[in-house]
Amino acid sequence: MIETLEWTDSGVRFIDQTKLPTEETYVVCKTYEQVADVIRDMIVRGAPAIGVSAAMGIALGVQNSKAENGGDLKRDFDKICDVIGKTRPTAVNLFWAIKRMQEKFERIRVRPIPQIKQELIDEAKRMHAEDIAANQAMGRNGATLMPASGGVLTHCNAGALATCGYGTALGVIRAAVEQGKHIHVYADETRPFLQGSRLTAWELMKDGIPTTVISDNMAGAMMRQGKINAIVVGADRIAANGDVANKIGTYSVAVLAKEHSIPFYVAAPFSTIDLDTPTGEGIPIEQRNAKEVTHIAGRQMVPEGVGVENPAFDVTPAQYVTAIITELGIARAPYTEALKKLGER
Ligand code: MRU
């Protein structure tokens, strides 16, 4: 079992995803500032994992607070939430998790400080357990959509490493395999950060699920050759109308899928659905350091001074999405009604 992140007596422990697949090492954060750095530097990444990391970071920060009265503790709490909220802008799970911790804090703030500290730790641990359960339910729901036998393409890493365990898109694949389906996964390499080749391939190999890595520009050719029967990806934020923000390159895959009449599925927990953002236009897209594009394994790959873009995510319009798989059920177009209805369950 892969422990992506975990609350321990000595701090919040993360598998260092920047070192995979060649080194399996762990980082233990003892302060909330360290947790913020770990999120920003993508030692932990993936929308649901970012959300629970934020909750654990807040619980850790409050645990370390020297406040002796409610007012001072509230001031510390707000500062911690503010620092953690500025780490990565696109995955709505970060803000969902901060809001849930804020609501918890408001409900218990009149209690003795040691009790508040413990209850925030318990809440963060509960979110960790709930995430795994949601992924397993999502897997059961989505497995029905997977072919009995065939190729399934995925982009980026929406697996155990992007969550607290089991995964969203990879959870759907895992559940299908557990049901006896014969799935061969095509993992897009996912430049520039290589989540597909480094992380998706690593965790699927551990599970013994047949996997082939392709570079991103091979996806269209694989579809044309009939090797891909379905596509399943995760999401960082889904707008109320079903537009999906996910790892850069997802949009190209979705457009290619439509051209080849291949179903394009998005698997995400309900905490990734942002009913307050009407369309994909309103989703903030993180711009990351140009060095992720200009250098591979420390070696410069472009001439000095050339222009570089590095948006970490793109938006796939809802019209390209065959279905959205959640732990609460499967939504299909028209998404505005379908997602609202799911939320009422
Ligand atoms: O930049 P990352 O690695 O955090 O981006 C991750 C993705 O885009 C995932 O597909 C998404 O968060 C879903 S993870 C279950």
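Residues numbered from 1 in each chain as written. Predicted model: local features only at pLDDT ≥ 70, side-chain atom pairs only at ≥ 80, totals over all residues. Heavy atoms only, no water.

*Asks:* Please provide a residue-by-residue account of the domain arrangement of the protein chain, values included.
*Replies:* Here the protein chain is described as being made up of domain 1 (5-136) and domain 2 (144-343). Taken together, the 30 residues of domain 1 in the interface contact 31 residues of domain 2. For the pair domain 1 and domain 2, the summed buried surface comes to about 2600 Å²; carbon and sulfur atoms form 58% of the total. Looking only at domain 1, the three residues that lose the most surface to domain 2 are Arg 45, Thr 90 and Asn 135, adding up to 24% of its buried area. For Lys 206, the salt bridge goes to Glu 24, with nearest N and O atoms at 3.8 Å. Going through the elements one at a time, α2 (47-64), α4 (92-108) and α5 (113-143) are the ones with two or more residues in the side of domain 1 that touches domain 2. Taken together, the residues of the side of domain 1 that touches domain 2 break down into 16 nonpolar, eight polar and six charged. (Domains from an automatic or database assignment. Contact = heavy atoms within 4.5 Å. Buried area = accessible area lost by both parts, 1.4 Å probe. Salt bridge = Lys/Arg side-chain N within 4 Å of Asp/Glu carboxyl O. Helix = DSSP H or I, 4+ residues; strand = E, 2+ residues; numbered from the N terminus. Nonpolar A, V, L, I, M, F, W, Y, C, P; charged D, E, K, R; others polar.)

*Asks:* Go over the pattern of salt bridges, please, and point to the residues and values.
*Replies:* According to the stated counting rule, one finds 21 salt bridges in the structure shown. Across the pair Asp 37 and Arg 40 runs a salt bridge, and its minimum N-O distance is 2.9 Å. Of this pair, Asp 37 and Arg 40 both sit in helix α1 (residues 32-40), three residues apart, which is roughly one turn of that helix. Arg 40 gets classed as partly exposed once you look at its relative accessible area, which sits at 32%. Close ionic contact of Arg 174 with Asp 207 constitutes a salt bridge, the shortest N to O distance being 2.5 Å. Separated by 33 residues along the polypeptide, Arg 174 in helix α6 (residues 169-178) and Asp 207 in helix α7 (residues 195-207) bring together distant segments of the chain. Accessibility expressed as a relative area gives 6% for Arg 174, which makes it buried. Each member of the salt-bridge network shares a partner with another, and the members are Lys 74, Asp 78, Glu 106 and Arg 109. (Buried < 20%, exposed > 50% of the residue type's maximum accessible area, 1.4 Å probe, protein only.)

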